[in-house]
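Coordinate inspection notes
So you can see what is in the structure, the chains are spelled out below.
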Amino acid sequence: MDLATLSLFLPACFALNMAPGPNNLLSVSNSTRYGYRTACVAGIGRLLAFAGMIALASAGLAVVLQTSELLFYGIKIVGAAYLFYLAWQLWRADPGTENVVTGAPAGMLTLARQEFLVAAGNPKAILIFTAFLPQFVDPGQAVTPQFAVLGALFLMLEWIAIGAYAYMGLHMRRWFAKPRGKRIFNRCCAGLLSAAASVLLMARRA
C-alpha cells in the first residue's frame, strides 16, 4: 500500500479506536477494579472479536448482515442485553469487597470473555469495518492482502487505545480509593453502559 493511503488511514483509524465506547469503558472499569496489567491482557478478547469481524468483512459476509434485517436485529438485541447485564452487575457491586486481582487465570478469562462479547455483540462494529476499511482498498489489486494490512494496523492501534484507557482507569483507582468513591464510579460506568446499550437498540442498518 502506498504511503499516501496510509497517511489518511492511520489518523482516521486511530480516532475510531480512541472514541469512547463500551469496550473502552470496560478497560477503564477493569483497570480500576483489577489493575492495569489485567485490563490490558483482558483486551485481547476484544482484539480477537475485531479480528474475526475484519475477516468476515474481507470475506463479504457483511453484505448478508446488511441485507438480513432479522440477523441484524437479533445480534443487536443480544448485544444490548449483555451491556445491560454488565451495567446491572456494576450497579449492584459491593465496593467494600472489591480488591485488585493479581492475575487469577479464571478471572482473566472471564474479563477477556466480557471484552469479546461486548465487541462481538455490536453489529455496528462490523458495519464500520465494511464501510471504513474498503475506502482504503484498491480494487485493482488483491483485496485480501490489503484487508490483512489494514486490519493489522487497526488492531495495533486498538491495542494502544486499550492501554490508554486502562492507564486512565489506573489513575482513577487512586482517586476512588474509598468505598464511596468506588460506588460512585461503578454506578457512573453502569449508567454509561446502559446508555451505550440504549444507543445500540436504536441503531439502524446502514
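This section reports on the structure supplied with the text. These figures come from a predicted structure and were not determined experimentally. (Residues numbered from 1 in each chain as written. Predicted model: local features only at pLDDT ≥ 70, side-chain atom pairs only at ≥ 80, totals over all residues. Heavy atoms only, no water.)

To continue, consider the pattern of salt bridges. Taken as a whole and assessed by the stated rule, the structure comprises two salt bridges. Between E115 and R46 there is a salt bridge, with its nearest N and O atoms 3.0 Å apart. With E115 in helix 7 (residues 105-120) and R46 in helix 4 (residues 44-59), this pair connects stretches of sequence that are 69 residues apart. With a shortest N-O distance of 2.6 Å, R46 and E158 are connected by a salt bridge. With a gap of 112 residues between them, R46 in helix 4 and E158 in helix 9 (residues 143-175) connect regions that are remote in the sequence. Comparing R46 with E158 shows no difference in burial state: the two are buried. (Salt bridge = Lys/Arg side-chain N within 4 Å of Asp/Glu carboxyl O. Helix = DSSP H or I, 4+ residues; strand = E, 2+ residues; numbered from the N terminus. Buried < 20%, exposed > 50% of the residue type's maximum accessible area, 1.4 Å probe, protein only.)

Counting through the fold element by element, L25 comes out in helix 2 (residues 22-34). In the structure, L25 is positioned 140 residues away from Y165 in sequence and 7.6 Å away in space, judged by C-alpha atoms. When sequence neighbours within four positions are dropped, the list of residues in contact with L25 reads C189, L192 and L193. (Contact = heavy atoms within 4.5 Å.)

Before going further, it helps to examine helix 1 (residues 3-18). End to end, helix 1 covers 22 Å across 16 residues, agreeing with the expected 22 Å (1.5 Å per residue, within 8%). Here helix 1 has its buried residues at T5, L6, F9, C13 and N17. (Expected span 1.5 Å × (residues − 1).)

Another aspect to go through is the packing of aromatic side chains. Counted under the stated rule, the structure contains two aromatic pairs. Between the aromatic rings of F50 and F154, the centroid separation amounts to 5.9 Å while the plane-to-plane angle is 75°, which identifies the pairing as edge-to-face. Of the two residues, F50 is situated in helix 4 and F154 in helix 9; the sequence distance between them amounts to 104 residues. Across this residue pair, the class does not change: F50 and F154 are buried. It is R187 that lies over the ring of W91; its NZ or CZ is 4.5 Å from the centre. (Phe/Tyr/Trp six-rings, centres within 6.5 Å; stacked < 30°, edge-to-face > 60°. Lys NZ or Arg CZ within 6 Å of the ring centre and 35° of its normal.)

Moving on, we get to the environment of E158. According to the relative accessible area criterion, E158 is buried, its value standing at 4%. Taking the C-alpha atoms as reference points, E158 and N17, 141 residues apart in sequence, are found 5.3 Å from one another. In contact with E158, not counting residues within four places along its chain, are N17, N24, R46, L47 and F50.

Core analysis: the largest hydrophobic core is formed by 21 residues, its most contacted members being F9, F50, F129 and L133. Where this core is concerned, the elements lending two or more residues are helix 1, helix 4, helix 8 (123-132) and helix 9. Discounting residues that sit within four places of it in the chain, F129 has contacts with F50, M53, I54, A57, P134 and F154. Core analysis: the next-biggest nonpolar cluster, separate from the first, contains 17 residues, L25, A87, C189 and L193 among them. (Core = buried A, V, L, I, M, F, W, Y, C linked by side-chain atoms within 4.5 Å.)

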